[in-house]
Structures are given as structure tokens and as C-alpha cells.
Amino acid sequence: MKRPDLDRATLLEARGVSRLYGPGKGCEAIDIRLHRGEVLGIVGESGSGKSTLLRLLAGMERPDAGQVVYHSHEGELDLYAIGEARRRALLRMEWGLVHQNPRDGLRLGVSAGANIGERLMALGERHYGQLRAAGQDWMGRVELDPRRIDDAPKTFSGGMQQRLQIARTLVTRPNLVFMDEPTGGLDVSVQARLLDMLRTLVRELGLSVILVTHDLAVARLLAHRLMVMRRGQVVETGLTDQILDDPQHAYTQLLVSSVLTP
Ligand SMILES: Nc1ncnc2c1ncn2[C@@H]1O[C@H](COP(=O)(O)OP(=O)(O)OP(=O)(O)O)[C@@H](O)[C@H]1O
């Protein structure tokens, strides 16, 4: 995806963040800079530390060392210096998180419309008609039948649940979105359609995204820039096309060739 160069302000930064569970397990001395309107893909094989890094960046796990800095409209916020309540509020009000498993991001027993409306209510929207209209609008945007607004997500297929989770996350227009393997665990054909939809939404809304994936095809389609991780460290970083078409590091070459060679 072509990178928007209009607004290059930094949104999120990691400065030397580490969280090690054992040698090479977790992540070590990671520096990141995410610009507004940019999708940064974190790729690497299973166990390379991608999810650990995502948890540190999203305020879910405190690093052993280093800082995560969010450039909010109020100025720079050091994520782990601001206190638990404020951090949680950020995730609820300004950020969004798409889990690999939609069951981790949805309330399965309440209606689809309530799942979408809930995050809007957290922002202060109380008008029933508007909550319902937003629910229908967003179901349409993620290509779910708006007539199913009163159905519980437990009656939806896995792919539909993932669409609903995306609607629930994006309805509040978050400044920053974290996605952990958003198309993982789905059938290939379902994945392809979902990916297409995500790509459209990312472009239309100009989303700023940290995307974790082991799937280089997903990274190619969604990410402007990539960071390749191996054993808790970053081995290579650069524009997506550059990394995938002309990988410099031996590990990235292996990763790319193992996917692209039939
Ligand atoms: N809470 C934890 N306690 C102990 N070890 C952990 C913990 N979380 C992760 N690890 C270990 O850290 C390493 C990195 O795990 P992580 O889940 O970040 O990798 P990943 O690249 O996201 O892999 P996957 O794609 O399989 O989720 C693994 O060896 C894992 O076993």
C-alpha cells in the first residue's frame, strides 16, 4: 500500500523497550516510531516476540526497560508513567484493539448492535436512535447484514464475528489501532475478503495501525512499513516493498523465500 506522506507527525514511539521471559524470548531493546496515518507491520515467525511487543505498545504489559510514548493531542504521554486508570481510559477512548480471536474482543451474548454501541456509549453517546443508526451503518461498512443488528454474535460465523469486532473497534474512530493477526484462524477465502475490506477501511479512514502478523501476504497488502523480528530483536526494518522484494538480512531472505517459493 502506498504510504501517505501528507502528515508525518509521530504518533507512537518505543524507546529501547524490553521484556524478556528468557534468553531470546520476549523482546529486547526495541525502537519504534509510528507516524500518523501509517500502518506498521511487525512480522516474524512464531515465538519471535511480536505479540509481546504489541502488549507493551498497547499498554497491556509493562516493559522491564524502556519507554512507550504516545503523542496525544495533549502532548507526549509516557504510557507506563501515567498510571493504570489513565492507560485503560486511553485504550477505551482513543485506541482500538483487534484481537486475533474475535471472542476476546466481543461480548458474545449481547446483540451485534450493542457490541458496536458500547464503545460509543463509553465516549458519552446516549441517544438510542443514534447508537442504533451507528450500529446499522457500521454493520453495512463491514459487509454484515444490518438486519441482523439484534442477533447475538454467537450466532455468527468466525469471519462475521471478526467483521463485527472490527466494526466495534472502529466505530469510535480511534487515533491508533492495534491488530494482532486480524485474519488468523479463518479459512483462506474468508481471509481474502476480510483483508480486502480491512484495506479499504484503513485507506478510507486514514488509520494509524500497529499490525502484528506472521503472514507476509497480509503484511504486503496492509502495511506501509515493516519491522522484522527474530528471537526478540528487530533484524530489519524498511518500506514493505523494499523488505519483501529485496530483503537484506539473511533471516528476512529465508522468511520471504519460504513463503514465496512454491
Ligand atoms: N507471559 C509469558 N511468560 C513466559 N514466556 C512468555 C510469555 N509470553 C510470551 N512468552 C515467550 O516469549 C516468546 C515470544 O512470544 P510471543 O507470543 O511474543 O511471540 P510471537 O512472535 O507473537 O509468536 P506467535 O505468533 O506464536 O504468538 C515465546 O518463546 C513465548 O513462549
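Model, not experiment: these values are computed from the prediction.

About the criteria used
Residues numbered from 1 in each chain as written. Predicted model: local features only at pLDDT ≥ 70, side-chain atom pairs only at ≥ 80, totals over all residues. Heavy atoms only, no water. Phe/Tyr/Trp six-rings, centres within 6.5 Å; stacked < 30°, edge-to-face > 60°. Helix = DSSP H or I, 4+ residues; strand = E, 2+ residues; numbered from the N terminus. Buried < 20%, exposed > 50% of the residue type's maximum accessible area, 1.4 Å probe, protein only. Lys NZ or Arg CZ within 6 Å of the ring centre and 35° of its normal. UniProt positions renumbered as here; feature names shortened; annotations may be inferred. Pairing = 2+ DSSP bridges. Axes fitted to C-alpha atoms, helices over the stretch in contact; angles between N-to-C directions. Contact = heavy atoms within 4.5 Å. Core = buried A, V, L, I, M, F, W, Y, C linked by side-chain atoms within 4.5 Å. Near = heavy atom within 4 Å. Polar contact = N/O pair within 3.5 Å; in protein donor to acceptor, adjacent residues only side chain to side chain. Areas by Shrake-Rupley, 256 points an atom, 1.4 Å probe, with all protein chains shown as cover. Nonpolar A, V, L, I, M, F, W, Y, C, P; charged D, E, K, R; others polar.

Turning our attention to the packing of aromatic side chains. Applying the stated criterion across every chain, the model contains two aromatic pairs. On the basis of an interplanar angle of 90° and a centroid distance of 5.1 Å, the ring pair of tyrosine 70 and tryptophan 95 is categorised as edge-to-face. With tyrosine 70 in strand 4 (residues 65-72) and tryptophan 95 in strand 6 (residues 95-98), this residue pair connects regions lying 25 residues apart in the sequence. In this structure tryptophan 95 comes out as buried when scored by relative accessible area, which is 1%. Three or more aromatic residues joined by ring pairs form one cluster here, namely Tyr70, Trp95 and Phe178. Against the face of tryptophan 138 rests arginine 141, its NZ or CZ located 4.5 Å from the ring centre.

When the UniProt feature table is mapped to this numbering, "domain: ABC transporter" (unreviewed entry) covers residues 12-256. Here residues 12-256 runs as 38% helix and 27% strand, with 27 Å between its end C-alpha atoms.

Let's shift gears to the sheet that holds strand 2 (residues 25-35). Read from one edge of the open sheet, four strands run 2-1-4-5, paired in antiparallel fashion. Each edge of the open sheet is held by one strand with a lone partner, namely strand 2 and strand 5 (75-78). Geometrically, the sheet is characterised by an average inter-axis angle of 20° between neighbouring strands, direction not taken into account. Packing against the sheet, helix 1 (residues 50-57) makes contact with strand 1 (10-22), strand 2 and strand 4, and its axis sits at approximately 125° to strand 1.

A few words on the nonpolar core. Counting residues in hydrophobic clusters, the biggest one holds 44 residues, and the most contacted among them are Trp138, Val142 and Ile166. When near neighbours in sequence (up to four residues on either side) are disregarded, isoleucine 166 contacts Val98, Val142, Leu194, Met197, Leu198 and Leu201. Counting 29 residues, the second-largest nonpolar core is a separate cluster that includes Val68, Tyr80, Leu90 and Val212.

A few words on the sheet that holds strand 3 (residues 39-43). Sheet architecture is open: six strands sit in the order 6-7-8-3-9-10, paired in mixed fashion. Two strands lie at the open edges of the sheet, namely strand 6 and strand 10 (233-239), each paired on one side alone. Pairs of neighbouring strands in the sheet enclose a mean axial angle of 15°, with direction left out of account. Across four bridges, the pairing between strand 7 (residues 176-180) and strand 8 (residues 209-213) is parallel. Within the sheet, the bridge partner assigned to methionine 179 lies in strand 8 and is leucine 211. Packed on one face of the sheet, helix 1 meets strand 3, strand 6, strand 7, strand 8 and strand 9 (225-230) and runs near 155° to strand 8.

The next subject is the site of the ligand. All residues in the neighbourhood of the ligand are listed as Tyr21, Lys25, Gly26, Glu45, Ser46, Gly47, Ser48, Gly49, Lys50, Ser51, Thr52 and Arg55. Serine 46 is positioned such that a nitrogen or oxygen atom in its side chain is 2.5 Å from an oxygen atom of the ligand. Take lysine 50: an N or O atom from its side chain is 2.9 Å from an oxygen atom of the ligand. Relative to its unbound accessible surface of 630 Å², the ligand loses 60% to contact with the protein. For the shell around the ligand, the secondary structure elements donating two or more residues are strand 2 and helix 1. In terms of residue class, the shell around the ligand is built from one nonpolar, seven polar and four charged.

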